Every structure is written in structure tokens, then in C-alpha cells.
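A structural walkthrough
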Amino acid sequence: MKKTLRHFIIAGVCLISTYGCGQKNIQTQCEPADLIPAPVELAVNPGSVSSDRLAELPEKVKISEKALLRRLEGQELTDWQLKSAYWLEIGQKGIKIEAADQEGVFNARQSLKMMASLNDTVACCTILDWPRFRHRGMMLDESRHFQGKDFVLKQLEMMALLKMNRFHFHLVDNPGWRLQIDAYPRLTQLTAWRPVAYFWDWEIDATGGDFVEEGTPGAYGGYYTKEDIAEILEFAAERHIEVIPEIELPGHNYETRIAYPELACSLKNGGSDKWELCPGKESTYEFLEKVLLEVFELFPSEYIHIGGDEAGKDNWKICPDCQARMKSEGLTEVEELQSYMVKRIERFAHEHGKRIIGWDEILEGGLAPDATVMSWRGTEGGLKAIAQGHDVIFTPTQYFYLDYKQDEAQYKAVGKYVPLEKVYSFEPMSEGISEADSHHVLGIQGNLWTEHVLHDWHAEMQLYPRVFAVSEVGWSPAEKKNWPDFERRASVLSEAARNWGYVVYRPGLTDENGLVE
Ligand code: ACM
Ligand code: ZN
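Taken in spatial order, the 5 strands of this open sheet run 1-5-3-4-2, and their pairing is mixed. Two strands lie at the open edges of the sheet, namely strand 1 (41-50) and strand 2 (59-63), each paired on one side alone. Taking the axes of each pair of neighbouring strands and ignoring which way they run, one obtains an average angle of 15 degrees across the sheet. Taken strand by strand, helix 5 (residues 102-118) contacts strand 2, strand 3 (86-90), strand 4 (95-99) and strand 5 (121-129), and its axis lies near 40 degrees from that of strand 3.

Structural data, given as C-alpha cells:
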């Protein structure tokens, strides 16, 4: 019988052995070399253990930095690498784990869980392992289509198995606001709901469509209450995943302007830009600060993502409030007005112990002093930010946009082509980043925008197996990269994931395969 997600989540590590996959690995036993992400060091020892017995074997856990350092035999790890690192030994009589921190123990158990899930038999083995990058992320766009809590929990479970540790939660955007904000109830009473479900049918001429009040019969949408978020955060924290919320500014705010029209520029003739907040008015900052205060209270993450991408600036050239602000601040270009806003929000974030991440447009007009840049329009923005001494997360469209199609004939995806091998081929340090600057590369992330993705199964088939490759690029050493071997491992893990109830892409997969909910 196929195991459901609920089984998977509730069972946790204790019941790993019940998740043996239906179509077994053709190898006679699972070896550490079958893991995704590939571990740094491994050795296969004599003997094997049946996957069923693995959960019953005694487990000896030692949390000791000293012990782990002995295992590392002089290899130098950064503090954050040390925290995630683990030594794992599977023997016929028991399992031994050594780590400097609970996070390392958790990672060891994820390796154990994956190995037990891929075959009936697991080789006795030793693994010494740690991550290459500290940000190993996945982004989900909940605005264009709303997947909801159960979907998110299910993906967090898979992220944990893949040792991914940052969930970027894109909660607000033009087609729907998805987070309860007590100070501004219309954000969810009105602009979390629309009469039309499918994004492309809703959006008119790329300028947005209608919203309807919560409770309207047949309305499509939804949002997270603070209780929902607390549940997601607890689930994520148990899996050592940090949830980074994104509150977009100043662009991608069509919905915000419908709920609170006074946040737009006050232009006599309307103006051409339909998505932007007015960075001239003081009241815009009052709104953003009140929203952010609630977000800061809710999310314990060190970082908050403030968007910053694709803001039209034509209105700002003629808006009296924007023009007055530019004059009083001595700004000559509208790009500097966006930069003024981002810097001001960064100061506010710092006052509350938070740091900001923004899409690479935040470089234009001048970077905020401590901002981390998420480089999405290729790697150029990231390289510029590093040259200015800033931290960077690489999410270039050509490699990590998981809304793009993964084979030439894929069902409903953005037309550009990002197959599994392309994702796997990304090398974050290949662009001439010096050794001295390498610490500025925080890591990498796969992004799932959901313009085309109405159904959960569709979202999963966009994610998998490509997220497996994101995980390995983020965790495993560059010198371990081996496409044919990864392709083999991804195929084994794909079968296992299907058996756990995930939809994993294969050519020809469409709603005609009976996947529609
Ligand atoms: C983006 O894809 N607009 C960040
Ligand atoms: Zn304005």
C-alpha cells in the first residue's frame, strides 16, 4: 500500500524502515554513495543491515565538538559548517552518531532515513559530512496560486531529507496577500480572494484583475493566520529549517493598493504604473513598519526578504509626493528613491534585530549598507554585490527557476528550458570569485513561481526532481560533481519519493494522468 504523507511526517525517523520504496534500487543494498546530497567522505564496511532492523538498532549519540574535531583530523570547518557536520557509523549491532550540535545529529538521521528508504538492505558504512554553503534554499510563491499549510509541511519534510535549510516564503504579491496582519485587515478580508482561480485568467493585460470579499461564494484564495504560521515555524524549526518571509516593496503591490488605495502615488491623471507603493508619502512607511513589526514578531528568522524587484518608476517622476521626497533627500534619479526606501526599511529592520535580503534590483540607485542580494537575473547582480562587499544568494533564472519547463514538451510551464542537468551544472564559485570573497556567497536557492501552477501535484512536478539537484549543489563539494552518477541517484530517489506520495516529474506527466484533485 502506498504510504501517505501523513504517515511520512508522523512516523519521522523512528519508522524509517516502513518507507522502503516499491520499485527497489537494482543494487542489492543501499550504500552511502546513493545519498542525495552526496556526502563529503564515506566508507563502506563489511556487512549489511536490513532496513527494517535499522530503526530497532540501538543508537549512540555523542554531542561533542571535540569528538567531531578528532574525526575531522585537522580539516578546518567554519563555525556554521561545524554545527551542521556529523559523523555516522552504521554497524550490524548499532548506530553511532557524533556531532557538535543537535543540527548535525539531525543531518545524520536524515542520511540514515534516506538510506533506509532506498533499499531493503543498507550497507554497514561510515560517513563524515558537512555542507558547502550555509543557505540551501527553496522558494514558494503562494500569491499567484495558494497551496496552503499541508502542502508547505509536506515540502518542508522533503527539504529536511535533502538537508536544505532555508524556506523562502513568498507570501504577498499582486494576485493575493496571504498573511494575517492585524493592523490592516483588508489585506486578507479583500485581497486574499479573487473570483477567478487560474492566474492567467485573472490577470488582465498584465495589470491585475478583481478581488472579492472573504466569504464570497466560489471565491478562490486563502491566507495564513498567525496560528497557521506558528505551526509551520514549529515544524520547520524541528527540522532545522529557517523560514524567511518575503514582504514585497515597492513593486508587486497591486493587491495592497486595492486594499488600501492611499498607498499609491496620488496622481491627478492616474499614472501608468499599477503595482507600486508611493515612496514619497510618509504614510507608506507607517504602513510598511506596522506590517513589518507583526512579521518580525511572528518569524524568528535572522533575515527578512523585502523584494525590491521589477518596480516601475514612471509614476514617481510625476508624483508630487515622490518629487517632494526626492528634493528633500537630494535625490536626482528615481532609482535613488527606491534605494532611499530600501535603506530606510533596512534601518528599521536593524532596530528590530533583523537583516534584509532583496532581489538584485536593490543594487540600482545604491545598495543598503548591510543588504544581502538575491541574484536572479543571472549572476551579474551577485558579482557586483560581492565586489561591493555584500553577501549574495544565487538564484539565476537559467539554472534555478523551477517554474521553467524541464523537458521540451512539458505540461504548462514557463517556456524557457531548465532540465535537471542544467540545475545540477550550476557552480556558484565559477565566476571568478576570489578565495578572499568566497565567504560572501551564502549559497543557492531554487524558486518556484506559480503563475501556471494551480494544483498541488503540478507544483510538486515542477519541484521534483530538480530540488534534488539544488540540494546537492548547495551541500556537496564541487569536486564530487558527477552528472551520470547524480542522474542515477536522482532516479532512485524519484521512485522512492513517488512511493511516499510526491509527484515527481517524468516526461508526459499531465492532468490526464489522473492527477487533478
Ligand atoms: C523575480 O523573478 N521577479 C524575482
Ligand atoms: Zn508617489
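For the rest of this paragraph, the subject is the confidence of the model for the protein chain. On average, the protein chain scores 93 in pLDDT, and the residues at 70 or more come to 95%. Low pLDDT, under 50, characterises residues 1-25; the stretch is placed with 58 contacts to residues that sit more than four places away or in other chains.

Glancing now at the side chain of Gln155. Here Gln155 shows up in helix 6 (residues 149-161). Residue class for Gln155 comes out buried when judged on its relative accessible area of 1%. Residue contacts for Gln155: discarding those within four places in its chain leaves Met138, Glu460, Leu463, Tyr464 and Tyr502.

Side chains of residues three or four places apart in an α-helix project in the same direction, reflecting 3.6 residues per turn. For helix 9 (residues 226-238), which comprises 13 residues, the first-to-last C-alpha distance of 18 Å matches the rise-based estimate of 18 Å (1.5 Å per residue) to within 8%. Among the residues making up helix 9, those that are buried are Lys226, Asp228, Ile229, Ile232, Leu233, Phe235 and Ala236.

Another point: the coordination of the zinc ion (ligand 2). Put simply, the ideal angle at a metal is 109.5 degrees for four donors in tetrahedral geometry and 90 or 180 degrees for six donors in octahedral geometry. Of the protein atoms, only Cys265 (SG), Cys278 (SG), Cys319 (SG) and Cys322 (SG) coordinate the zinc ion (ligand 2), at distances of 2.3 Å. One way to put it: the 4 donor atoms around the zinc ion (ligand 2) meet at angles of 106 to 118 degrees, and that makes the site tetrahedral.

Time to look at the packing of helix 6 against helix 18 (residues 456-463). Relative to each other, helix 6 and helix 18 sit at 25 degrees, their axes nearing to 11 Å. By the angle between their axes, helix 6 is roughly parallel relative to helix 18. At the point where helix 6 passes helix 18, the crossing takes the right-handed sense. Contact with helix 6, carried on its side by Phe151, Lys154 and Gln155, involves Asp456, Ala459, Glu460 and Leu463 of helix 18 and no other residues of that element.

In this section: helix 15 (residues 380-387). Restricting attention to buried positions, one finds in helix 15 the residues Gly381, Gly382, Ala385 and Ile386. Down the axis, helix 15 shows its buried residues gathered within 135 degrees of arc, on one side only. Among the exposed residues of helix 15, those pointing more than 90 degrees away from its buried face are Glu380 and Ala387. Tucked into the core, helix 15 has its buried residues touching strand 15 (372-375), strand 16 (392-394) and strand 19 (441-448). The first or second residue beyond helix 15 is Gly389, which carries a positive phi of 85 degrees.

It is worth spelling out the packing of aromatic side chains at this point. For the structure on display, the rule yields 28 aromatic pairs. Between Phe146 and Tyr224, the aromatic rings sit 5.1 Å apart at their centres with planes inclined by 70 degrees, giving edge-to-face as the arrangement. Remark: Tyr224 occurs in the loop between strand 11 (220-221) and helix 9 and Phe146 occurs in the loop between strand 6 (135-141) and helix 6; sequence separation between them is 78 residues. Like Phe146, the residue Tyr224 is buried in the burial classification.

Here we take up the nonpolar core. Grouped together as the largest cluster of nonpolar side chains are 143 residues, with contacts concentrated most on Leu156, Phe167, Phe169, Leu179, Phe299 and Phe468. Aside from chain neighbours lying at most four places away, what touches Phe169 is Leu140, Glu142, Val152, Tyr224, Ile229, Ile232, Val243, Ile244, Pro245, Glu246 and Phe299. Within the second largest apolar cluster, 9 residues are counted, among which are Leu68, Leu77, Ala85 and Trp130.

We now examine the sheet that holds strand 15. Picture the strands of a sheet paired through backbone hydrogen bonds; they go either parallel or antiparallel. Reading around the barrel, the 8 strands line up as 6-7-12-13-14-15-16-19 and close back on themselves, with parallel pairing between neighbours. The average angle at which neighbouring strand axes cross in this sheet is 30 degrees, direction not considered. Pairing geometry for strand 6 and strand 7 (residues 166-170), over 5 bridges, is parallel. Among the inter-strand pairings, Leu140 is bridged to a residue of strand 7, identified as Phe169. Contacting strand 6 and strand 19, helix 19 (residues 466-475) runs over the sheet at an angle of about 175 degrees to strand 19.

On to the pairing of strand 19. Here strand 19 lies mainly inside the structure; 8 of its 8 residues are buried. In the sheet, strand 6 pairs with strand 19 via 6 bridges, with the strands oriented parallel. Following the sheet pairing, Leu140 is matched in strand 19 by Leu448. Of the strand pairs in this sheet, strand 16 and strand 19 are connected by 3 bridges, and their pairing is parallel.

With that out of the way, let us pick up the pattern of salt bridges. Overall, the coordinates contain 32 salt bridges when judged by the stated rule. In this structure, Arg377 engages Glu361 in a salt bridge whose closest nitrogen and oxygen atoms are separated by 3.9 Å. Here Arg377 is found in the loop between strand 15 and helix 15, whereas its partner Glu361 is found in the loop between strand 14 (355-359) and strand 15, with 16 residues between them in sequence. Three or more residues are tied together by salt bridges with common partners; here these are Asp34, Glu472, Asp485, Arg488 and Arg489.

Conventions we followed
Residues numbered from 1 in each chain as written. Chains lettered and ligands numbered in written order. Predicted model: local features only at pLDDT ≥ 70, side-chain atom pairs only at ≥ 80, totals over all residues. Heavy atoms only, no water. Pairing = 2+ DSSP bridges. Helix = DSSP H or I, 4+ residues; strand = E, 2+ residues; numbered from the N terminus. Axes fitted to C-alpha atoms, helices over the stretch in contact; angles between N-to-C directions. Contact = heavy atoms within 4.5 Å. pLDDT = per-residue confidence, 0-100. Buried < 20%, exposed > 50% of the residue type's maximum accessible area, 1.4 Å probe, protein only. Expected span 1.5 Å × (residues − 1). Donors = N, O, S within 2.8 Å, 3.2 Å for Na, K, Ca; no water. Tetrahedral: all angles 85-135°; square planar, octahedral: opposite > 155°, others 65-115°. Parallel < 35°, antiparallel > 145°, perpendicular 65-115°, else oblique. Left-handed = near helix turned anticlockwise from the far one by under 90°. Arc of directions from axis to C-beta. Phe/Tyr/Trp six-rings, centres within 6.5 Å; stacked < 30°, edge-to-face > 60°. Core = buried A, V, L, I, M, F, W, Y, C linked by side-chain atoms within 4.5 Å. Salt bridge = Lys/Arg side-chain N within 4 Å of Asp/Glu carboxyl O.

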